[in-house]
Amino acid sequence: MQTQNLIGGRWVGADSGATFAVTDPATDEHVADVPKCGRAETARAIGAAQEAWGAWRSKTAAERGEAVRKLAELMVRDQERLAGLMTREQGKPLAEARGEIAYAASFLTWAAEEGRRLYGEMIPASFANKRLLVMRQPVGVCAIITPWNFPSAMITRKLGPALSCGCTVVIKPAEDTPLSALAIGELCGEAGIPAGVVNIVTGTPAEIGDELLSNPAVRKLSFTGSTQVGKLLMRKAADNVLRLSMELGGHAPFIVFDDADVEAAVAGAMATKFRNAGQTCICANRLYVQAGIYDEFVGRLTEAVSCLKVGRGTDEGVQVGPLINDAAVEKVEAHVADARERGADVLFGGQRAHVAGGADRFFQPTLLAGVTGEMRLSREETFGPVAPVRRFMEEAEAIAWANDSDFGLAAYAYTRDASRCFRVAEALEYGIVGMNDAAPSTAQAPFGGVKQSGIGREGGKYVMDEYTETKYVSWGVSGA
């Protein structure tokens, strides 16, 4: 297990020798201590990335792609080890952790190939003695700040395209889950990625963030996290006019129409709601079910929820692990309590779950009916295993409820009517729409939100624009 920081190709601790503990959220067991770094170490990491940039950008797209592809292969090779490490520091079931490692590797594989297709352009000129060229060049040193809920995939979704475009990076992983990031850094060296191209700094968020945002060598920030923190970073990034990619909070509606395949809709709701104990930015946070099938849907969903197994991620057959920390559990409890006080019915769950030998961070998969729009969980992202169901009558009503949010990351709808599919997909004010699909995320498609859910896109050909500058060259040609 690598526990040191990666700066300029060397594994180092904090200048002060300070560390902070990484603990297992399921048991409170100590996993490791990692460096508690600040501005000085971050500045050196930025300097290393700046120094390495010239040589890295000068490599061919094929050479860079080969190194990124090799990193993907190494992650697949070490899938079991990386998944086990992730479960220890993050808590998700091993099966989900294995899936995340494969998912994380897919971003690298895609970006390695897409880097070969960073095409330029020649534009027809207005004069015979001119040639107009468009080039795409790497942005430069990129700061990458990632969350704890997908500690490997949220790194590779940024790292793969950044490296393939010719950028160098400084990664600041979440304090709860730094070990997965450091493990990826270790594999970068084995993959042949040169020293200084990838740097990883753990420690004090405010100090590291301030240096990343104020250092003139950094030309881009890619951040995945809460809208509140995203707004703060955007304000600070303005001073250096940093390019930004922001994937922020979500509040996903999940709409089930009368003509839906109920069995498929229930399966979709289970998949998107309870994955990672509901701690995903695109998980269903509001379930709207049309009156004609409401009772059938709720009955089947109740049965499915009651079958979920809660426990430590390392235990066989566990589907719902712990929440990441005490504050997360308290927020879920507050949302459920508020809904109860306002008249919601608890059809299943509704309280903490006791797991033998576990910490007090497990919450029962919970299903609420009789939900109304003024309840907190109808207005705020819960980030926990709570499914609130609300009955609607007409299509327009469901669309209005779905769009009545400051957030616009992901939305879902189930219907067998092809015309309705188009109408609803076009009407929903969201960057991602899963139409009869609870798992829309994939490496070759754009991922990102509208409104206060962020700016920019990750995934597919679109992410390459985030890490390249467009340069226009007007070329005067003599004798033409």
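In what follows, the accompanying structure is described. Remember, it's a predicted structure, so these values are computed and weren't measured experimentally. (Residues numbered from 1 in each chain as written. Predicted model: local features only at pLDDT ≥ 70, side-chain atom pairs only at ≥ 80, totals over all residues. Heavy atoms only, no water.)

Thoughts on the overall build of the protein
Applied cut-off: The way it works is that DSSP assigns letters per residue, a run of H or I at least four long becomes a helix, a run of E at least two long becomes a strand, and they are numbered from the N terminus. We compute the radius of gyration from the C-alpha atoms alone; for a globule the expected value is 2.2 Å times N to the 0.38, where N is the number of residues. Think of it in three bands: residues with accessible area under 20% of the maximum for their type are buried, residues over 50% are exposed, and the middle band is partly exposed, with areas taken using a 1.4 Å probe on protein chains only. Every residue pair with non-hydrogen atoms within 4.5 Å of one another is taken to be in contact. Surface exposure here means Shrake-Rupley accessible area, sampled with a 1.4 Å probe, where a residue is shielded only by the protein chains that are shown.
In terms of regular secondary structure, the protein is built from 15 helices and 22 strands. Computed over C-alpha atoms, the radius of gyration of the protein comes to 23 Å, within 12% of the 23 Å expected from 2.2 N^0.38 for 480 residues, which places it in the range of a compact globule. Once the C-alpha set of the protein is aligned to its principal axes, its extents read approximately 75 × 60 × 40 Å. Counting only residues that meet the buried cut, the protein has 56% of its 480 residues in that class. Here the contacts in the protein between residues at least 6 apart in sequence split such that 73% fall between residues at least 24 apart. Within the structure as shown, the protein displays about 18,700 Å² of accessible surface, and the carbon and sulfur contribution to it stands at 51%.

A word on the environment of V68
Its place among the elements puts V68 in helix α2 (residues 61-77). For the pair formed by V68 and E458, sequence separation is 390 residues and the distance between their alpha carbons is 17 Å.

Let's talk about the sheet that holds strand β6 (residues 130-138)
For clarity, the cut-off: In short, DSSP must find at least two bridges between two strands for them to pair. Axis angles are defined between N-to-C directions and span 0 to 180 degrees, where every axis is a line fitted to C-alpha atoms and, for a helix, only to the segment in contact.
Here we have 3 strands laid out as an open sheet, ordered β5-β6-β22, and antiparallel in their pairing. This sheet does not close on itself; its edge strands, each paired only once, are β5 (121-123) and β22 (468-476). With strand direction ignored, the average angle separating the axes of adjacent strands in the sheet is 25°. Two strands pair when backbone bridges link them, and β5 and β6 are joined in this way by 3 bridges, in the antiparallel orientation. Looking at β6, one finds that I123 is bridged to L132.

Observations regarding the pairing of strand β13 (residues 284-290)
Short version of the rule: Crossovers are marked right-handed if the path from the first strand over the helix to the second runs clockwise, as seen with the strands pointing away from the viewer.
Most of β13 sits inside the fold, with 7 of its 7 residues counted as buried. For strand β12 (residues 252-256) and β13, the ladder comprises 5 bridges, and the chain directions are parallel. Bridging across to β13, I255 finds its partner in Y288. As for the winding sense of the linkage, the β-α-β connection from β12 through helix α9 (residues 262-274) to β13 is right-handed.

Some words on the sheet that holds β12
Across the sheet, 7 strands lie side by side as β14-β15-β16-β13-β12-β18-β19; this open sheet has mixed pairing. The sheet is open, and its two edges are formed by β14 (345-348) and β19 (432-435), each paired on a single side. Taken over all neighbouring pairs, the strand axes of this sheet differ in orientation by 25° on average, direction set aside. As paired elements, β12 and strand β18 (residues 410-414) share 3 bridges and run parallel to each other. Bridge pairing links V256 to Y414 in β18.

Considering the packing of helix α4 (residues 94-114) against helix α5 (residues 153-165)
Cut-off, in case you're wondering: Between 65 and 115 degrees an angle is taken as roughly perpendicular, under 35 as roughly parallel, over 145 as roughly antiparallel, and anywhere else as oblique. For a crossing to be left-handed, the near helix must be turned anticlockwise from the far one by less than a right angle; the clockwise case is right-handed. When residue character is reported, Ala, Val, Leu, Ile, Met, Phe, Trp, Tyr, Cys and Pro are called nonpolar, Asp, Glu, Lys and Arg charged, and the others, Gly included, polar.
It is at 8 Å that the axes of α4 and α5 come closest, and there the two elements cross at 10°. Between α4 and α5, the angle is such that the two are roughly parallel. α4 and α5 meet at a crossing whose hand is right-handed. Judged by residue contacts, E100, Y103, A104, F107, L108, A111 and A112 of α4 engage A153, T156, R157, G160, P161 and S164 from α5. Residues of the contact of α4 with α5, tallied by class, amount to 8 nonpolar, 3 polar and 2 charged.

What about unusual backbone geometry?
A positive phi angle, near 50°, is found at V241, a position not held by glycine. Here V241 shows up in the loop between α8 (227-237) and β11 (243-247). Classification of V241 by relative accessible area gives exposed; the value is 63%. Backbone geometry at N436 places phi at a positive 60°, although glycine is not the residue there. By relative accessible area, which is 38% here, N436 ends up partly exposed.

Looking at the nonpolar core
The following threshold applies: Here the nonpolar core consists of buried residues drawn from Ala, Val, Leu, Ile, Met, Phe, Trp, Tyr and Cys, with membership extended through side-chain atoms lying within 4.5 Å.
Core analysis: the biggest nonpolar cluster contains 53 residues, and M75, L159, I193 and V198 have the highest contact counts within it. Residue contacts for V198: discarding those within four places in its chain leaves L6, L159, L163, V169, I171, C188 and I193. In this structure, A269, L308, L377 and L409 belong to the second largest nonpolar core, which totals 52 residues.

Remarks on the environment of G192
Tracing the backbone shows G192 in the loop between α6 (178-190) and β9 (198-200). A residue is classified by how much of its surface remains accessible, and G192, at 49% relative accessible area, is partly exposed. Sequence separation between G192 and E66 is 126 residues, and the spatial gap between their C-alpha atoms is 9.2 Å.

Examining the packing of aromatic side chains
The relative placement of two aromatic rings is captured by the distance of their centres and the angle of their planes. Short version of the rule: Pairing of aromatic side chains here covers Phe, Tyr and the six-membered ring of Trp, requires ring centres within 6.5 Å, and sorts the geometry by plane angle: under 30 degrees stacked, over 60 edge-to-face, intermediate tilted. The rule for a charge over a ring is simple: NZ of Lys or CZ of Arg within 6 Å of the ring centre, and within 35 degrees of the ring normal.
Under the criterion given, the structure shown has 6 aromatic pairs. Centroid distance Y103 to F107: 4.8 Å. Interplanar angle 65°. Geometry classified as edge-to-face. Of this pair, Y103 and F107 both sit in helix α4, 4 residues apart, which is roughly one turn of the helix. What links up through ring pairs into an aromatic cluster is the set F254, Y412 and Y414. The positively charged end of R157 is found above the aromatic ring belonging to F447, 4.0 Å away from the centroid. Over the ring of Y467 we find K220; its NZ or CZ atom is 5.0 Å from the centre of that ring.

Considering the pattern of salt bridges
Filter applied, for reference: Any Lys or Arg side-chain nitrogen located within 4 Å of an Asp or Glu carboxyl oxygen qualifies as a salt bridge.
Summed over all chains, the structure comprises 33 salt bridges. Between D326 and R361 there is a salt bridge, with its nearest N and O atoms 3.0 Å apart. Highlighted residues: D326 in helix α11 (residues 326-341) and R361 in the loop between β14 and β15 (366-369), separated in sequence by 35 residues. Residue R361 is classed as buried on the basis of its relative accessible area, which comes to 10%. E380 serves as the salt-bridge partner of R376, at 3.0 Å between the closest nitrogen and oxygen. If you follow the salt bridges from partner to partner, you end up with R77, D78, R81 and E190 in one network.

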